[in-house]
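Survey of secondary and tertiary structure
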Amino acid sequence: MRTLNLHQLATFQVVAKHCSFVRAAEELHFSQPAVSAQIRQLEESLGVKLFDQIGRKTHLTQAGEELYLYSQKIFSVIEEALEVIESLRSPHYGRLSVAADTTVGSYVIPRLLGKFHQMYPEVEITLNVLNRAAVVEALANNRIDIAVVGRVPDDIPVVIEPFAFNELVLVAAPTHRLAGRSKVPFEEVTRETFLLREVGSGTRAALEGLFQEAGVPLKVAMQVGNNSAIKQGVAAGLGIALISRVAIDMELETGRLVILDVEGFPIIRQWRIVHLKDKNLSATARAFKLFLLQHADKRLRKQEPPRS
């Protein structure tokens, strides 16, 4: 396939603009023979004459006129591409793709993305709120820049930064028999039926692990696919549930749910910021990661758990 030499094409464009080899040489700071050699090589490459020399005047051939029109388009697109690349060196432009597991993606990250958008209004932001398996899959296939998750993938190389504590609490309806009691023994809770998230949920895994360690069966009232349905079911008296503290502010304020004071609870987990180890983060993604770290829970650096 024939290729265009951009240096020769740039020289041609200047000659075509002035219809003069002499003036083109002056503008380009080349010698006239060097300019003529560039045009001759371009004509040989294309297999057509681009200029006619009639007397002392230089004229574009029909092929030259067509090439001149296209050369203007070509260099216009190149200039546009360079401007786009230059803009991407700044965090104020470009795209940002973030994924987060269900709870942190629903109750924590949107507020932070709102603040980030105020600082970088030209950035096109995409937030994917997914279960853990889908987040890991998107991360592994390089479809996202940064993820915020509870359980870090152990089968792909990632950079990990602590972000925030995830305080998992037991909740019940205000009329529940354990509501209002202090320091309820764990064995009391083992008699209760639970509303659980789907298999693969970090919250579900934490509760199952606790019951397995105690050697007692976990009674399941039903499996529910999201926190909203969990809260509705608990408020309706269908059972109790383990849920992230950040997900129940409104229900606590309105008195629809209460936190049970049970031995061994709350369970303290962490959310973490992760991205592929070999990924070259864009300026925008680097700015967002720094923004998240600036808003991260400072106690994590000292490994101080939240006070219940």
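Residues numbered from 1 in each chain as written. Predicted model: local features only at pLDDT ≥ 70, side-chain atom pairs only at ≥ 80, totals over all residues. Heavy atoms only, no water.

1. Description of the overall build of the protein
Rule in force here: By the criteria applied, helices consist of DSSP H or I runs no shorter than four residues and strands consist of E runs no shorter than two, each listed in order from the N terminus. Exposure classes here rest on a 1.4 Å probe applied to the protein chains alone. A residue is buried below 20% of its type maximum, exposed above 50%, and partly exposed in between. Here a residue-residue contact requires only that any non-hydrogen atoms of the pair lie within 4.5 Å. Here, Shrake-Rupley sampling with a 1.4 Å probe gives the accessible areas, and only protein chains in the shown set may cover a residue.
When its secondary structure is counted, the protein shows 13 helices and 11 strands. Seen through its C-alpha atoms, the protein measures out along the principal axes to roughly 105 × 35 × 30 Å. Buried residues in the protein amount to 43% of all 308 residues. Contacts in the protein between residues far apart in sequence, at least 24 positions, make up 73% of those at least 6 positions apart. Summed over its atoms, the accessible surface of the protein is roughly 17,100 Å², and 51% of this surface lies on carbon and sulfur atoms.

2. Let's talk about the UniProt feature "domain: HTH lysR-type" (unreviewed entry) in the protein
Defined as follows: UniProt positions are given in the numbering used here, feature names are shortened, and annotations may be inferred rather than shown by experiment.
According to UniProt, the feature "domain: HTH lysR-type" (unreviewed entry) maps to residues 4-61 in the numbering used here. Measuring from the first to the last C-alpha atom of residues 4-61 gives 18 Å, for a span that is 62% helix and 14% strand.

3. Points about the confidence of the model for the protein
The condition that has to hold: For every residue, the pLDDT score states the predictor's confidence, bounded by 0 at the bottom and 100 at the top.
Averaged over all residues, the pLDDT of the protein is 90; the fraction at 70 or higher stands at 96%. No element of the protein has a lower mean pLDDT than helix H13 (residues 299-302), at 66, and none a higher one than strand E10 (residues 258-259), at 97.

4. Some points on the pairing of strand E6 (residues 158-172)
Here is the rule: When DSSP locates at least two bridges between a pair of strands, those strands are taken to pair.
With 13 of 15 residues buried, E6 is to be regarded as a mostly interior element. Examined bridge by bridge, E6 and strand E11 (residues 267-276) share 10 bridges and lie antiparallel to one another. What sits directly across from proline 162, in E11, is arginine 272. Sheet analysis places E6 next to strand E9 (residues 241-244), joined by four bridges and oriented antiparallel. Residue pairing across strands places valine 169 opposite isoleucine 243, the latter belonging to E9. By the bridge criterion, two bridges tie E6 to E10 in an arrangement that is antiparallel. When the bridges of E10 are listed, alanine 172 appears paired with valine 258.

5. Re the packing of aromatic side chains
As a reminder of what qualifies: Each Phe, Tyr or Trp ring, with Trp reduced to its six-membered ring, pairs with another whose centre is within 6.5 Å; inter-plane angles below 30 degrees give stacked pairs, above 60 give edge-to-face pairs, and intermediate values give tilted ones. Only when the NZ of Lys or the CZ of Arg is both within 6 Å of the ring centre and within 35 degrees of the ring normal is a charge said to sit over the ring.
What the rule picks out here adds up to nine aromatic pairs. Of the aromatic side chains, those joined through ring pairs into one cluster are Phe116, Tyr120, Phe288 and Phe291. Seen from the ring of tyrosine 70, lysine 73 lies directly overhead, with NZ or CZ sitting 4.9 Å from the centre.

6. Observations regarding the nonpolar core
Selection criterion: Throughout this description, the term nonpolar core refers to a set of buried Ala, Val, Leu, Ile, Met, Phe, Trp, Tyr and Cys residues connected via side-chain atoms within 4.5 Å.
One finds Val104, Ile109, Val148, Phe163, Phe288 and Leu292 to be the most contacted residues of the largest nonpolar core, which totals 25 residues. Counting residues per element, the ones that place at least two in this core are strand E3 (95-101), helix H6 (109-119), strand E5 (146-149), E6, E11 and helix H12 (283-294). Per-element tally for this core: the top contributor is H12, with six residues. Dropping the residues within four chain positions of it, valine 104 is found in contact with Ile109, Pro110, Val148, Phe163 and Trp271. Formed by 18 residues, the second largest nonpolar core is a distinct cluster that contains Leu170, Phe186, Phe194 and Leu196.

7. Description of the packing of H6 against H12
Stated formally: Convention adopted: a line fitted to C-alpha atoms gives each axis, helices being fitted over their contacting stretch, and angles between N-to-C directions are expressed from 0 to 180 degrees. Throughout this description, any angle smaller than 35 degrees is read as roughly parallel, any larger than 145 degrees as roughly antiparallel, any in the 65 to 115 degree range as roughly perpendicular, and the remainder as oblique. Note on convention: near helix rotated counterclockwise from far helix by under a right angle means a left-handed crossing. Clockwise means right-handed. When residues are sorted by character, Ala, Val, Leu, Ile, Met, Phe, Trp, Tyr, Cys and Pro go into the nonpolar class, Asp, Glu, Lys and Arg into the charged class, and all the rest, Gly among them, into the polar class.
At their nearest, the axes of H6 and H12 sit 11 Å apart, and the two run at 125° to each other. The angle between H6 and H12 places the two elements in the oblique class. Once H6 is placed against H12, the crossing between them reads as right-handed. Across the interface between the two elements, Ile109, Leu112, Leu113, Lys115, Phe116 and Met119 of H6 pack against Thr284, Ala287, Phe288, Phe291 and Leu292 of H12. Here the residues of the contact of H6 with H12 are counted per class, giving nine nonpolar, one polar and one charged.

8. Overview of unusual backbone geometry
Geometrically, the link from phenylalanine 265 to proline 266 is a cis peptide bond, its omega value of 0° lying close to zero. Looking at the element boundaries, proline 266 is found in the loop between E10 and E11. Despite not being glycine, cysteine 19 has its phi angle at roughly 50°, a positive value. You can see cysteine 19 is positioned in the loop between helix H1 (6-18) and helix H2 (21-28). A positive phi angle, near 60°, is found at asparagine 142, a position not held by glycine.

9. Thoughts on a nonpolar patch on the surface
Heads up, the rule is: Grouping into patches uses exposed residues only, defined as over 30% relative accessible area, and leaves out salt-bridged ones; the cut-off is 9 Å for like charges and 5 Å for nonpolar side chains (Val, Leu, Ile, Met, Phe, Trp, Tyr). For this analysis, a salt bridge means a side-chain nitrogen from Lys or Arg found within 4 Å of a carboxyl oxygen belonging to Asp or Glu.
Taken together, the side chains of Leu6, Ile78 and Leu82 define a hydrophobic patch exposed on the protein surface, amounting to about 250 Å² of accessible area. Relative to the elements of secondary structure, leucine 82 occurs in helix H4 (residues 62-88). Judged by its relative accessible area of 54%, leucine 82 falls in the exposed class.

10. Comments concerning the environment of methionine 119
Tracing the backbone shows methionine 119 in helix H6. Along the chain, methionine 119 and histidine 92 lie 27 residues apart, while their C-alpha atoms are 8.3 Å from each other. Setting aside chain neighbours within four positions, we find methionine 119 in contact with His92 and Phe291.

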